[in-house]
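Coordinate analysis (summary)
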Amino acid sequence: METKETKVEITDKMKNIMESIESMTVLELADLVKALEEKFGVQAQGPAAVQVAAPGAGQAAPQEEKSTFTVVLASAGTNKIQVIKELRALTNLGLKEAKDLVDSSPKTVKEGATKEEADKIKKSLEAAGGKVELK
């Protein structure tokens, strides 16, 4: 679906107003908006302002309410053997499986972990030298 752009013809009067607005400070612009709202009995809040504000407010809430996490081993770092040992202690993986997981990082270590469990795994693997991300 194509959208047509409508071009507005800018008159000299409009150019002068735009130049005046460009030279104003933010405080002067805020006062101008208030004066225009009072003079014409309108509000400067349009659909665009609401759309811009809504995503920011909506993004903060899910992060606070998140109850399950995915623990991802981003890299083993320089101490790969310690990370493998710690990974084996935290999971039921055998030596080969733990080594393969570390070698193929970034890899998911645990899905659906609680906040406490995810933090525990992250601290343990980071103490061993690995880099861990919680998603």
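Everything that follows concerns the structure shown earlier in this document.
Before going into details, it helps to say that this report is about the structure given with it. What you see is a predicted model, and the numbers here were worked out from it, not measured in a lab.

In this section: a nonpolar patch on the surface. Taken together, the side chains of V8, I10, M14 and M18 define a hydrophobic patch exposed on the protein surface, amounting to about 360 Å² of accessible area. For I10, the location among the structural elements is in the segment before α1 (12-22). Here I10 falls in the partly exposed class, since its relative accessible area comes to 41%.

In this section: the sheet that holds strand β3 (residues 131-134). Judged by pairing direction, the sheet is antiparallel, and its three strands sit side by side in the order β2-β1-β3 without closing on themselves. Since the sheet does not close on itself, it has two edges, and those belong to β2 (107-113) and β3, each with one partner. Pairwise comparison of adjacent strand axes, ignoring direction, gives a mean angle of 20° for this sheet. Bridge analysis of strand β1 (residues 69-75) against β3 gives four bridges, and the strand direction is antiparallel. Following the sheet pairing, V71 is matched in β3 by L134.

Glancing now at the packing of aromatic side chains. Under the counting rule described, the total for this entry stands at zero aromatic pairs. Sitting over the ring of F69, K115 keeps its end group 5.2 Å from the ring centre.

Relative to the elements of secondary structure, V42 occurs in the loop between α2 (26-40) and α3 (47-65). Note on V42: relative accessible area 47%, which makes it partly exposed. The residues contacting V42, other than those within four sequence positions of it, are L36 and E37.

Criteria and cut-off values
- Residues numbered from 1 in each chain as written.
- Predicted model: local features only at pLDDT ≥ 70, side-chain atom pairs only at ≥ 80, totals over all residues.
- Heavy atoms only, no water.
- Patch = residues over 30% accessible without salt bridge, like charges linked within 9 Å, V, L, I, M, F, W, Y side chains within 5 Å.
- Areas by Shrake-Rupley, 256 points an atom, 1.4 Å probe, with all protein chains shown as cover.
- Salt bridge = Lys/Arg side-chain N within 4 Å of Asp/Glu carboxyl O.
- Helix = DSSP H or I, 4+ residues; strand = E, 2+ residues; numbered from the N terminus.
- Buried < 20%, exposed > 50% of the residue type's maximum accessible area, 1.4 Å probe, protein only.
- Pairing = 2+ DSSP bridges.
- Axes fitted to C-alpha atoms, helices over the stretch in contact; angles between N-to-C directions.
- Phe/Tyr/Trp six-rings, centres within 6.5 Å; stacked < 30°, edge-to-face > 60°.
- Lys NZ or Arg CZ within 6 Å of the ring centre and 35° of its normal.
- Contact = heavy atoms within 4.5 Å.

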